[in-house]
Amino acid sequence: MRKVAAIIFFLFIATIGFAQKTVQFTDSIRRVYNIPEINYAVIDSKSTLEIAALGHHSINLSDTATLNDRFHIGSNTKAMTAFIIAKYVEKRKLKWTTKFFDLFPEWKTKSKPEYAAITLQKLLSHQAGIQPFQGEDDPEIPDFKGTNPEKRKQFGKFVLTLEPVKLDEQNLFIYSNAGYTLATLMLEKVTGKSWEQLVEKVFNQDLKLNVKLSWPENQKQKDTWGHTFENGKLIPVPSTVDDHLDYTEPAGNVNIKLKDYIKFIQLNLKGLQGDNNYLKADTYKFIHKGIENYSMGWFNIYENGKELSVHSGTGAFTYFTIVQIDRLKNIAYIIFTNSFNDETQLGVRLLMRKLKENYGS
């Protein structure tokens, strides 16, 4: 009995030393690549193997990062929107094969005929040919009025009047924020609830994850500031700045604490291992690997004998977050930062490589 206890104690001490070295490496990355704050974690379906918070809320502040800090996760929101939709597919409010114009027949006459057969599945896997709307070279958007759900409808009608982008052998999918708006319109139609209400219902009421919309609050209370990059310098962004994401919120506009995001990823890990939890195991498998290349809110990657679900988000080019799920090893790597530029991306790639090397992925 004493021998077993001694072995457990030794492993515990070794794990602490291992994690401390990773923290030191991470902080050196943070300093060299001028990243104000990094939160990161390595997890499996049942436990957190390693977690840390390093740095400061802003380059202009001397406060200390904590695991209670919130981060805008940008396009990692897509997996959460697909997760909500999957719940209502399970409830038979929708099918993955439901056609958009079966729910909005009155929109069909003013829409481009190439969109006639687009389905929920095609929208979520970026195979519907919808214009990207990623902030670069976007068509000019009219000044829509009303609530966010009302503006999403106006935006959706507008998007469907635009020329579709063409899929081919080089472009098997076209990544589109606007496609997620259209998928959300389908969800809102069959539930009678707004996306905002469904985020509250699924993530906050049902799963207790404390998800919030838009920027972390950094004016009325201490929290992270995102940082833009202008003239070679990081510029802190106050939470009062308009993020201009009204029309594409379901594609990328929530903020969350790392500890709560871990719980969301662990639900996915458990589901991929065959566990029925908030969603059925078969649903998780379809979300992550039902469609080649890009499935439902996740890049679906097969390389070098590995199976990965991967996504990143830029938080309107002010935060950078990334998650990689190793589906075969039942392990996930999560990195949250509050800046976005080439340096941040390089630092995050180096940290991700280090974490994966440490855990054999």
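None of these values were measured; they are calculated from a predicted model.

Each value, and the rule that gives it
- Residues numbered from 1 in each chain as written.
- Predicted model: local features only at pLDDT ≥ 70, side-chain atom pairs only at ≥ 80, totals over all residues.
- Heavy atoms only, no water.
- Helix = DSSP H or I, 4+ residues; strand = E, 2+ residues; numbered from the N terminus.
- Rg over C-alpha atoms; globule rule 2.2 N^0.38 Å.
- Buried < 20%, exposed > 50% of the residue type's maximum accessible area, 1.4 Å probe, protein only.
- Contact = heavy atoms within 4.5 Å.
- Areas by Shrake-Rupley, 256 points an atom, 1.4 Å probe, with all protein chains shown as cover.
- Lys, Arg positive; Asp, Glu negative; His and termini not counted.
- Charge placed at Lys NZ, Arg CZ, Asp CG, Glu CD.
- Expected span 1.5 Å × (residues − 1).
- Core = buried A, V, L, I, M, F, W, Y, C linked by side-chain atoms within 4.5 Å.
- Patch = residues over 30% accessible without salt bridge, like charges linked within 9 Å, V, L, I, M, F, W, Y side chains within 5 Å.
- Salt bridge = Lys/Arg side-chain N within 4 Å of Asp/Glu carboxyl O.
- Phe/Tyr/Trp six-rings, centres within 6.5 Å; stacked < 30°, edge-to-face > 60°.
- Lys NZ or Arg CZ within 6 Å of the ring centre and 35° of its normal.
- Polar contact = N/O pair within 3.5 Å; in protein donor to acceptor, adjacent residues only side chain to side chain.

### Structural notes on the overall build of the protein
Then step 1. The secondary structure content of the protein amounts to 11 helices and 12 strands.
Then step 2. Against the 2.2 N^0.38 benchmark of 21 Å for 361 residues, the protein shows a C-alpha radius of gyration of 21 Å, consistent with a compact globule.
Then step 3. Each of the three principal axes of the protein carries a C-alpha extent, and together these read 75 × 50 × 40 Å.
Then step 4. With 361 residues in all, the protein has 54% of them scored as buried.
Then step 5. In the protein, of all internal contacts separated by at least 6 residues, the share reaching a separation of at least 24 is 66%.
Then step 6. A total accessible area of about 16900 Å² is found for the protein, and carbon and sulfur atoms account for 51% of it.
Then step 7. In the protein, which carries 46 positive and 40 negative side-chain charges, the distance between the mean positions of the two groups comes to 8 Å.

### Considering helix α5 (residues 148–159)
Then step 1. Compared with an ideal rise of 1.5 Å per residue, which puts 12 residues at 16 Å, α5 spans 16 Å between its outermost C-alpha atoms and is within 8% of the ideal.
Then step 2. Buried residues belonging to α5 abut α6 (177–191), α7 (195–206) and α8 (249–252).

### Examining the nonpolar core
Then step 1. Within the largest apolar cluster, 78 residues are counted, with the highest numbers of intra-cluster contacts made by Phe83, Phe100, Ile130, Phe203 and Ile265.
Then step 2. With nine residues, the single largest contributor to this core is helix α2 (residues 77–90).
Then step 3. In this structure, Phe203 is in contact with Met80, Phe83, Ile84, Leu198, Lys208, Leu209, Asn210, Val211 and Phe264, ignoring residues within four places of it in sequence.
Then step 4. Counting residues in hydrophobic clusters, the runner-up holds 18 residues, among them Ile35, Leu54, Tyr333 and Leu355.

### Here's the deal with a positive patch on the surface
Then step 1. A cluster of like positive charges, contributed by Lys110, Lys153, Lys157 and Lys189, occupies part of the molecular surface.
Then step 2. Structurally, Lys153 is set in helix α5.

### Focus on the packing of aromatic side chains
Then step 1. Throughout the structure, instances matching the rule amount to 26 aromatic pairs.
Then step 2. Pairing Phe71 with Phe336 gives two aromatic rings, centres 5.4 Å apart and planes at 50°, and the pair type is tilted. On the criterion of sequence distance, the pair formed by Phe71 in strand β3 (residues 70–72) and Phe336 in strand β12 (residues 331–337) is long-range, its members being 265 residues apart.
Then step 3. Given a relative accessible area of 0%, Phe71 falls into the buried group.
Then step 4. The interplanar angle of 40° and the centroid separation of 5.8 Å between the aromatic rings of Phe173 and Tyr294 together place this pair among those described as tilted. Taken as a pair, Phe173 in the loop between α5 and α6 and Tyr294 in strand β8 (residues 293–294) lie far apart in primary sequence, 121 residues in all.
Then step 5. Relative accessible area serves as the criterion here: at 21%, Phe173 is assigned to the partly exposed category.
Then step 6. In this structure an aromatic cluster arises from ring pairing among Phe71, Phe83, Phe203, Trp215, Tyr261, Phe264, Tyr278, Tyr284, Tyr319 and Phe336.
Then step 7. Directly above the aromatic system of Tyr180 lies the positively charged group of Lys78, at a separation of 5.9 Å from the ring centroid.
Then step 8. The cationic tip of Arg327 hangs over the ring face of Tyr302; the distance from NZ or CZ to the ring centre is 5.2 Å.

### Structural notes on the pattern of salt bridges
Then step 1. Taken as a whole and assessed by the stated rule, the structure comprises 12 salt bridges.
Then step 2. Measuring nitrogen to oxygen at the nearest pair gives 2.8 Å for the salt bridge that ties Asp143 to Lys145. You'll find Asp143 and Lys145 in the same group, each marked exposed.
Then step 3. The network of salt bridges with shared partners includes Arg152, Glu188, Glu196 and Glu249.

### Some points on unusual backbone geometry
Then step 1. A positive phi is found at Lys208, a non-glycine position, where the angle reads about 60°.
Then step 2. In this structure, Lys208 sits in the loop between α7 and β4 (212–213).
Then step 3. Its relative accessible area of 57% is what places Lys208 among the exposed residues.
Then step 4. Non-glycine residue Asn330 carries a positive phi angle of around 55°.
Then step 5. Examined against the element boundaries, Asn330 turns out to sit in the loop between β11 (320–326) and β12.

### Observations regarding the side chain of Thr321
Then step 1. Residue placement: Thr321 occurs in strand β11.
Then step 2. A distance of 3.3 Å separates the side chain of Thr321 from the backbone oxygen of Ile73, its partner in a polar contact.
Then step 3. Beyond its immediate stretch of four places on either side in the chain, Thr321 contacts His72, Ile73, Asn76, His311, Ser312, Gly313, Ile335, Phe336 and Thr337.

### Overview of α6
Because the α-helix completes a turn every 3.6 residues, residues three or four places apart line up on one side.
Then step 1. Helix length check: α6 (15 residues) gives 21 Å between terminal C-alpha atoms against 21 Å at 1.5 Å per residue, within 8%.
Then step 2. Burial of α6 is extensive: 13 of the 15 residues sit out of reach of the surface.
Then step 3. For α6, the N-terminal cap is Ser176; the gap from its side-chain oxygen to the backbone nitrogen of Ala178 is 3.3 Å.
Then step 4. Looking one or two places after α6, you find Gly192, whose phi comes out positive at around 70°.

### Structural notes on the environment of Glu163
Then step 1. Tracing the chain through its elements places Glu163 in the loop between α5 and α6.
Then step 2. Residue Glu163 is classed as partly exposed on the basis of its relative accessible area, which comes to 46%.
Then step 3. With 33 residues separating them in the primary sequence, Glu163 and Ile130 have C-alpha atoms 8.3 Å apart.
Then step 4. Within the structure, Glu163 has its side chain in polar contact with the side chain of Lys112 (distance 2.9 Å).

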